[in-house]
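Residue strings, one per chain:
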Amino acid sequence: MLEIKNISKIYGKEIAKVVALNNVSLRVNEGDFIAIMGPSGSGKSTLLNIIGGLEYPSSGEVILDGKRIDNLDEKDFVDIRRRKIAYVFQQYHLFPSLTALENVMLPLTFCGTEKGEEKALETLKEVGLEGRAEHKPSQLSGGEQQRVAIARALVNSPSLLLADEPTGNMDQKMGREILGLFYRLNKDGRSIVMVTHNPEIAGHAKEIIVLQDGQIADKISQKGGRQ
Amino acid sequence: MRLYQMVVKDITRRKKRVLYASVGVVIGVATIVAVLTIALAGETSINSQLEKYGANLMVMPAISNIDVGLGGLSLGTLAVGENRIPEDKLPEIREITDGLIREARGIKAEGNIATIAPKLYVNAEINGTSVVVAGVDPQEEHKLKTWWRVSKGRYLQTPDEALVGATVAELLKFNVGDRIALNGREITIAGILEETGSNEDYQVFVPIETVQEAFDKEGLVSSIDIRALCSACPTTEIASAINGKIPGVRAVAVKQIAETEMGMLEKINRFLLALAGITLAVGCFGVVNTMMTSVHERIKDIGIMKAVGASRNQIVKIFLYEAIIIGVAGGFLGYVAGTLLAYIVGPLIFGGVAVSYVPQYFLPSLVLATFVAIIATVYPAFRASKIKVADSFRSL
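These figures come from a predicted structure and were not determined experimentally.

A. Main features of unusual backbone geometry. Residue and element names in this part refer to chain B. Not every positive phi belongs to a glycine, and Asn-127 is a case in point at roughly 50°. In this fold, Asn-127 is placed in the loop between β5 (115–126) and β6 (129–136). The backbone of Asn-183 shows a phi angle near 50°, a positive value even though the residue is not glycine. As for its placement among the helices and strands, Asn-183 is situated in the loop between β9 (179–182) and β10 (185–193).

B. Here's a closer look at empty space enclosed by the protein. Here the structure, examined in full by the defined rule, presents two cavities of 30 Å³ or more. Of the volumes computed, that of the largest cavity is approximately 90 Å³. Lining the largest cavity are Arg81(A), Arg82(A), Ile85(A), Ala86(A), Tyr87(A), Pro107(A), Arg152(A), Ala153(A), Asn156(A), Pro158(A), Ala307(B) and Val308(B). Contributions of two or more residues to the lining of the largest cavity are made by α2 (74–83), β6 (85–88) and α5 (142–154) of chain A. Take the lining of the largest cavity: its biggest share by element is three residues, from β6(A). Lining the second largest cavity, in full, are Phe95(A), Ser97(A), Leu98(A), Met6(B), Val7(B), Asp10(B), Arg298(B), Met305(B), Ile318(B) and Glu322(B). The set of elements that each furnish at least two residues to the lining of the second largest cavity consists of α1 (3–12) and α10 (312–349) of chain B. Residue classes in the lining of the second largest cavity are distributed as six nonpolar, one polar and three charged.

C. A look at the interface of chain B and chain A. Contacts between the two partners involve 25 residues from chain B and, on the opposite side, 24 residues from chain A. Summed over both partners, the interface of chain B with chain A buries about 2,400 Å², with 62% contributed by carbon and sulfur atoms. Three residues stand out in chain B for area buried against chain A, namely Met1(B), Arg13(B) and Val308(B), and they jointly supply 28% of the buried area on that side. Close ionic contact of Lys9(B) with Glu102(A) constitutes a salt bridge, the shortest N to O distance being 3.2 Å. Between chain B and chain A we count six residue pairs in polar contact (both at pLDDT 80 or more) in total. Sorting the residues of the side of chain B that touches chain A by element identifies α1, α9 (299–307), α10 and α12 (389–394) of chain B as the ones contributing at least two each. Here the side of chain B that touches chain A gets six residues from one element, more than from any other, and that element is α9(B). When grouped by side-chain class, the residues that make up the side of chain B that touches chain A number 13 nonpolar, three polar and nine charged.

D. Spotlight on the pattern of salt bridges. All names here are of chain B. Inspection of every chain in the model, using the stated rule, returns 22 salt bridges over all chains. Asp-98 is paired through a salt bridge with Arg-94; the nearest N and O atoms lie 3.2 Å apart. Here Arg-94 and Asp-98 lie together in helix α3 (residues 90–105), a separation of four residues that amounts to about one turn. A single burial state applies to Asp-98 and to Arg-94, both of which are buried.

E. Highlighting the packing of helix α3 (residues 100–111) of chain A against helix α4 (residues 117–126) of chain A. Residues and elements named next belong to chain A. In the contact formed by α3 and α4, the axes pass within 9 Å of each other and the chain directions differ by 120°. Seen from above, α3 lies across α4 with right-handed handedness. On α4, the residues touching Ala-100, Leu-101, Val-104, Met-105 and Leu-108 of α3 are Glu-117, Lys-119, Ala-120, Leu-121, Thr-123 and Leu-124. Looking at side-chain class alone, the contact of α3 with α4 contains eight nonpolar, one polar and two charged residues.

Reading the values: the criteria
- Here the residue numbering is sequential within each chain, running from 1 through the sequence in written order.
- Following the order in which they are written, the chains are lettered starting with A and the ligands numbered starting with 1.
- Since the coordinates come from a predicted model, pLDDT governs what is reported: local features require at least 70, and pairs of side-chain atoms require 80 or more to be given and counted, while whole-chain, interface and lining totals use all residues.
- Hydrogens and water are ignored here; the side-chain numbers use all heavy atoms of the structure.
- Put simply, DSSP marks the helices as runs of H or I at least four residues long and the strands as runs of E at least two long, and each gets a number from the N terminus on.
- Cavity: a set of points on a 1 Å grid over the protein atoms alone where a 1.4 Å probe fits but cannot get out. Pocket: an open set with protein on both sides within 12 Å along at least five of seven lines, its lining residues, like those of a cavity, having an atom within 4 Å of a point.
- Grid points are joined across faces, edges and corners, and a volume is the space filled by probe spheres set on the points.
- Just so you know the grouping, Ala, Val, Leu, Ile, Met, Phe, Trp, Tyr, Cys and Pro go in nonpolar, Asp, Glu, Lys and Arg go in charged, and all remaining residues, Gly too, go in polar.
- The contact criterion used is simple: two residues touch if any of their non-hydrogen atoms lie within 4.5 Å.
- Take the accessible area each of two parts loses on contact, using a 1.4 Å probe, and add the two losses: that sum is the buried area.
- Think of a salt bridge as a Lys or Arg side-chain nitrogen and an Asp or Glu carboxyl oxygen that are within 4 Å of each other.
- Definition of a polar contact: a pair of N or O atoms within 3.5 Å, with one able to donate and the other able to accept a hydrogen when the atoms are protein atoms, and with sequence-neighbouring residues admitted only if both atoms are side-chain atoms.
- Burial here depends on accessible area, computed with a 1.4 Å probe over protein chains only, as a share of the maximum for the residue type. Under 20% is buried, over 50% is exposed, and the range in between is partly exposed.
- The angle between two axes is taken between their N-to-C directions and runs from 0 to 180 degrees, where each axis is a line fitted to C-alpha atoms and a helix contributes only its stretch in contact.
- Handedness of a crossing follows from how the near helix is turned relative to the far one, being left-handed for an anticlockwise turn of less than a right angle and right-handed for a clockwise one.

Okay, here's the thing in C-alpha cells:
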C-alpha cells in the first residue's frame with residue numbers, strides 16, 4: 001500500500017549540511033507491523049515524518065496506493081492525513097482544554113463531520129476509555145492519555161497508523177498495555193509503522209528496520225511477529 | 001462539533017489568555033468611548049446653556065427706546081415706543097429665516113422651522129402700580145423660553161389670561177385666579193412663573209391679541225425674537241437678509257458665547273478623538289503582538305491540528321474565530337471601561353457636568369473592536385497557517 005523509493009533528506013546547506021536519510025527504500029504492505037529502530041539521530045523520526053507526509057523528502061519517491069504523494073502540495077495532503085494516515089506521538093499531544101471525547105472528535109471536526117460524537121465515543125470504547133470521555137487530559141494517566149491519542153488517530157479509520165515512540169513516556173506496565181492495543185489494532189487489519197528504542201517492543205513486530213546514519217543497516221523479518 | 005464550537009470551548013477554558021489578548025482592544029475602545037461620552041455630556045451641557053440664551057436673533061423697529069420700570073425701580077430700556085413693527089411683516093420674516101436655514105442645512109421639508117415670537121410691550125397700571133405687560137404668542141413663546149417653569153397654576157390657554165413673573169406676583173400679591181384689569185379689559189391670572197433671574201420676573205405675559213385690542217395697537221408688535229433651533233444656523237446671514245429686504249426694522253444676531261464654547265468643544269473633541277484613534281492604532285499593534293505571541297506559543301498546537309487533519313483554511317479560521325471572540329470581549333470591556341472613565345474624568349473637564357452612559361455606543365464598540373481584532377489577526381493567522389508540521393515538532 002505504501003512504498004518509499006530511494007528517499008534522501010538533507011537539512012541545511014554546504015558546511016552545515018546534515019544528511020538525515022540517505023537513499024532509503026521501504027515497503028509497507030497491508031497488515032504490516034514495522035518497527036523502526038536505531039540510535040538517536042539515525043533518522044528514524046525523519047523517515048516516519050516523510051511516510052506521514054509531515055515532511056518532504058529532498059529526493060526520492062513516496063507512493064501511496066499507487067500514487068506519488070511526495071510531490072503533492074499541502075492542500076492535497078490534507079485529505080491523505082484525514083483519511084489514510086494517522087499519527088500517534090510520544091508526547092500524546094492532546095489539547096489540554098478539550099475533554100478526551102472532544103480531542104477524539106477533533107479529526108472529525110476538521111473533516112466537517114458535525115455529529116461525530118457517537119463515532120468518537122465508539123472509538124474511545126475501542127481503546128477502553130468509554131468511562132473517561134468527559135475527563136480532561138490533565139485528569140488522565142499517561143497511558144490513558146496515549147489511548148485517547150490513539151483513539152484520535154483511529155477515529156477516521158485510517159489504513160496506516162504511524163507511531164513515534166508511543167510508549168517512550170511510560171513505565172513498562174503501561175507501555176505493555178499500549179503495545180497490546182497496537183497489536184490488537186494490527187490484528188484487526190491496520191498497518192502500523194512504529195519508531196522505537198525498545199528491543200522488546202521491536203521483537204514483536206513483523207519486520208524490524210534498523211537505521212544507522214540515515215541508512216538502512218539491517219532488515220529483520222519475523223514471520224508473523226508476535227503470535 | 002463544528003470548528004467554531006471547538007474554538008469557543010477551547011477559549012472559554014482559557015479566559016485569562018483571552019482577556020490578556022484583548023487588553024489592546026479594550027484600551028483603544030475605552031479611550032474612544034470615554035472621549036465620545038464626555039464630549040456628548042459637554043455638548044449637552046453647553047446646549048442647555050445655549051437654550052437659556054433663547055433667541056438667536058432679535059428684530060426691532062429701526063428706532064425706539066423706552067425705560068422699563070416697576071414702580072420706582074428702573075430696569076433698563078426696552079425697544080418700544082410709537083414706532084412698532086407691522087404684524088404683516090411676520091410671514092416675510094419667516095420666509096427669509098426658514099429659507100436660509102433650509103439652504104444652510106440642506107433641509108427640504110415644508111413647514112415652519114424657526115421659532116418666531118412676536119412681542120408687544122406696553123406699560124400698564126395694575127392695582128395702581130406701573131407694570132410692563134408683554135403681549136406674546138403663547139405657543140411660540142413657550143418654544144422660545146424653554147427654561148420657563150410655571151410654579152403655580154398653568155400656562156396660557158385662552159386669550160383672557162395672564163402669566164405673571166415671580167417678582168410681580170410677590171410685590172402685588174397676585175394669586176392664581178385673581179382678576180386684573182388691563183386698560184379696562186378684565187383678565188384672569190392663569191399661572192405664576194418660577195423665578196428666572198431675568199427681567200421676565202418683572203413682567204406680565206398676556207396673549208398678544210388681547211394686548212393689541214386692549215391698548216388699541218391692532219396689527220403692531222414691538223419686537224420679534226427669532227430662534228433657529230440649531231447651533232450652526234446662519235444667524236448673521238439671516239439678520240442681514242432681513243435688514244436688506246424689510247424696511248423699518250433692525251435685525252440683530254445675538255452673538256452667543258455658547259457658540260464660541262461649542263467651537264472650542266469641537267476642537268477639543270477632534271483632538272481627543274485623534275488621540276483615541278492613535279490609542280486604538282497602538283492597541284491594534286498590541287493585538288497583532290499578542291496574536292503573534294499566541295501563534296508562536298501554539299506552533300506545536302497548530303502542528304498537531306494539521307497532523308490530525310486541519311487544512312490551512314481551518315487554521316486561519318480558528319484564529320479568526322478567536323479574533324471575533326477577543327473583539328467582542330474587548331468591545332464589551334472597552335465600552336464598560338470607557339464609560340466608567342467618562343464618569344470619573346468628565347466632571348473634571350467640564351466642571352461637574354452630569355455624565356451619562358450612552359447605550360448607542362455599545363454596538364459600535366463591539367463592531368469596532370471586532371473589526372480591529374480581525375484586522376490585527378489576519379497576518380498572524382496567515383503565518384500560523386504556513387507552519388510546517390514537522391518544523392512545529394522540531395521547535396519543541
